[in-house]
Every structure is written in structure tokens, then in C-alpha cells.
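# Coordinate analysis (summary)
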Amino acid sequence: MKRELLKRMVALGMTVAMTGALVGCGSSKDAAEAPAPVAEDIVEKSVVSASDGSVEGALEGVTLSFGTSGLFAPFSYYDEDGELIGFDVDFCNALKDYLGFEIDGDMQAMDYSALTTSLAEGKLDFGMAALCATDERKQVMNFSETYCDSGQSIAVNKETSPAELTSVDMLTSGDYKVAVEKGTASHMYALNIGIPESALEIHDEITTAYESLEQGKVDALIQDTPGLAYYIKTAEDSKMEIKGEPFNQGQSPYAIAISFDCADANPGIVEIFNQAIADLISRRPSGLRKTRPDNNSLAHRTTWLRSDFHLTVQMQTQV
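To start, this report covers the structure provided alongside it. Bear in mind the structure is a predicted one, so any value in this text is a computation, not a measurement. (Residues numbered from 1 in each chain as written. Predicted model: local features only at pLDDT ≥ 70, side-chain atom pairs only at ≥ 80, totals over all residues. Heavy atoms only, no water.)

## Things to note about the environment of L228
The following threshold applies: Numbering of helices and strands runs from the N terminus; a helix is a DSSP stretch of H or I covering at least four residues, while a strand is a stretch of E covering at least two. Exposure categories follow from relative accessible area, calculated using a 1.4 Å probe and restricted to protein chains: below 20% of the type maximum is buried, above 50% is exposed, and the middle band is partly exposed. Note on definitions: a residue-residue contact is assigned when non-hydrogen atoms from the two residues lie within 4.5 Å.
Looking at where L228 falls in the secondary structure, it is placed in helix α8 (residues 225-234). You can call L228 buried: its relative accessible area is 0%. Counting along the chain gives 75 residues from L228 to S153, while the straight-line C-alpha distance between them is 7.8 Å. Look past the residues within four positions of L228 in its chain and what remains in contact with it is S153, I154, A155, Y210, L221, Q223, M240 and I242.

Structure below.
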């Protein structure tokens, strides 16, 4: 009955269109001092929080394992000091601060193939890495609601790619070599539209795919538009440019992936995260920040989070 009440209470508060969900297997911060929170405890706390439209602090004492890629700027990547940063990293931290949960050890960075496998096998509780909620992935893991619809684009090398190559439809002929990152929505899209496997150059990391096009080893590259636009804008002396309009719109939704094991172990926790993300997304800043604020408080972090998100959208539409 408590779970049904939770669902009703949270549903009433979910009026923001861009929402997402995170979930994980709960444990106490210090097992020697107190037993790990269980699903009923979480539900009880959430019902109380949801009564005033907020779930702030609903997951205090819970520890969740988290994975990302570290390879896809501006969502998750390493700065010059080797620190893992980006929109998804700060989104996760803002949710952690708001709900009160802890990250189990360090944030784990890995390539997309390993990340999706770890989530499918329950080795990670949840992941954020500009992950597209594809039908294939939904068979092996849960997803939150979409927090960004990226669309995809093709890029060519301005100096070495064939001049006639101007649209993704031309790639199905098999006459052009195309770089994609293994296991991504772009990889799946290339296969689904009929690009011959013999024409694909499949990379474990997007960075090597970019290098291959920069060096003229392939004719084109397919990638999510925000990351591709960010790379072209920030890479020094890049020879790459986007051709044509973004495609696959509405089919490349970025969402938070949750392992089935964790969702099963914590009934109702998906709704808790949905409401939390709706709350954070609604805290819009007055303007864009170009750098991370020194103040590490939740308010400052959320402002930087929203700014980086808007900056990502701007880059998608201006390139």
C-alpha cells in the first residue's frame, strides 16, 4: 500500500517534461553501526518527502555504484589535470547531493561496450554517459525518462573525404568507409539503415574514430550531434565538418540506465529519482557559466549543471 501511495504522490509532482531516473542497490555508510536501508525504508521516507512535492534526502545512507565513459565530451571526459568532469558527472553529483546517497568507491569510467555490459549484468547500479535508451538496451536494463534528445550527424574530412558525400543516405552504397564507436546508437543506426559491415570501421573509443577521420583513413563518421559538435569546436586545427542535417531525431534519447537487479531490489526508487531530476532541472540559472564554480554547494553545482546543459544544446544547433 505504501508503494502505491508513493507512485501516486510522485506522479502528481512530475510536471517537468525533462526527467530521468537513477536507482541502485542500497547499503549503509557504515555496516558496523547500522543495518543497510531496505526498500520499505526508502519507500517510507519517500512518501513523507513526496507529500510536499520534494524527495530531498530520500536516499540518505544508501550507497550506489556508478559508471560513465570519460570519453564523450562535454558529457563525461577528463580535463587537463586528469579529473573526470562533464555534464553527466555533475548531474550525478547534483543528484547525490540532493537525495543524500553515496557513490560506492570512485566513479567508474570505461568504454561504452564495457559500460553497457556491466549494467546489463548488474555489476553497476546505474550509469550516465550520454547513453541512448534504445530498444535493444531496454531488453537488458531499465532507463529513466529522456533528459536530452541528441540526434545524430555525419562528419567528413574537409581535405580528404569525397566532395559528393553530403548525406547519411549515401553511406548505404558501401562505397565509403565509415567510422563508428562500438556498441553505440550510431553503430546500431549504421547497421539498421543497411551500411555494409565491410564498410564500417568499428572503434572501441570515439577518440580513435575521430583520429581515423582526421587522418583521412575513413571517409565519414557517424556520431551523436552534441559530442561531435563539441569535438569540432574544441579540437585544435580539426579538419572535420558536419554535413547535412541531424537525423534519427527522437531515436537518440539520452537517459539514465539502471540495472534490472537494482530496480528489482528497490521498488519505487525509480520514481524517487524521476522526481529528484525534475526538481533539479527546474532550477534554471540566469545565465551561462564557462567554467565550473569554485563553490561546491548543491546550489552552485546545479547552476553549473544547467548551464552546461544549455551550452550543449547550443553547440548542437550552431554547428
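## Points about the sheet that holds strand β17 (residues 257-258)
Strands belonging to one sheet form pairs held by backbone hydrogen bonds; the direction of such a pair is parallel or antiparallel. Defined as follows: By definition, two strands form a pair when at least two bridges between them are found by DSSP.
With mixed pairing, five strands are arranged side by side in an open sheet as β7-β2-β8-β17-β9. Taken across any chain shown, the strands that pair with only one partner, and hence form the sheet edges, are β7 (108-109) and β9 (142-143). Relative to β7, strand β2 (residues 66-68) is paired through two bridges, and the arrangement is parallel. Residue T68 lies in a different strand from β7, and its bridge partner there is A109.

## Brief notes about unusual backbone geometry
The omega torsion of the bond from A73 to P74 falls at 5 degrees, within 30 degrees of zero and hence cis. Within the chain, N248 stands out as a residue other than glycine whose phi angle is a positive 60 degrees. Note that N248 resides in the loop between β15 (240-247) and β16 (253-254).

## Details of empty space enclosed by the protein
Put simply, the rule is: A 1.4 Å probe that fits but cannot get out identifies a cavity on a 1 Å grid over protein atoms alone, an open set with protein on both sides within 12 Å along at least five of seven lines counts as a pocket, and a residue lines either if it has an atom within 4 Å of a point. Grid points are joined across faces, edges and corners, and a volume is the space filled by probe spheres set on the points.
Scanning the model with the defined rule gives two cavities of 30 Å³ or more in all. Looking at the largest cavity, the residues that line it are F72, Y112, A130, L131, C132, R137, E181, T184, A185, S186, Q223 and D224. Only α6 (185-192) and β14 (220-224) provide two or more residues apiece to the lining of the largest cavity.

## What about the sheet that holds strand β5 (residues 84-85)?
The sheet built from three strands is open, its strands ordered β3-β4-β5 with antiparallel pairing. Edge positions in the sheet fall to β3 (71-72) and β5, since each has one partner strand and no second. Two strands pair when backbone bridges link them, and strand β4 (residues 76-78) and β5 are joined in this way by two bridges, in the antiparallel orientation. Paired with Y78 across the two strands is L84, which belongs to β5.

## A closer look at the environment of E241
Structurally, E241 can be placed in strand β15. Residue E241 is classed as partly exposed on the basis of its relative accessible area, which comes to 28%. Along the sequence, E241 and A155 sit 86 residues apart, while their C-alpha atoms lie 5.3 Å from each other.

## A short note on the nonpolar core
Note the cut-off: Note on terminology: a nonpolar core comprises buried Ala, Val, Leu, Ile, Met, Phe, Trp, Tyr and Cys residues joined through side-chain atoms within 4.5 Å.
L99 and F101 are the most contacted members of the largest nonpolar core, which totals 45 residues. Every element with two or more residues in this core is listed here: α3 (87-99), α4 (112-120) and α10 (269-281). Excluding residues that lie within four positions of it along the chain, L99 makes contacts with V55, G57, A58, L59, E60, I272, F273 and A276. In this structure, V156, V178, L200 and A220 belong to the second largest nonpolar core, which totals 16 residues.

## Structural notes on α3
Just so we agree on the cut-off: To estimate the expected span of a helix, subtract one from its residue number and multiply by 1.5 Å.
Between its terminal C-alpha atoms α3 stretches 18 Å, which fits the 18 Å expected from 13 residues at 1.5 Å a residue. Of all the residues in α3, the buried ones are F87, D88, V89, D90, F91, C92, N93, A94, L95, K96, Y98 and L99. Two residues or fewer past α3, G100 is found with a positive phi of approximately 95 degrees.

So yeah, pure geometry; function would need other evidence.
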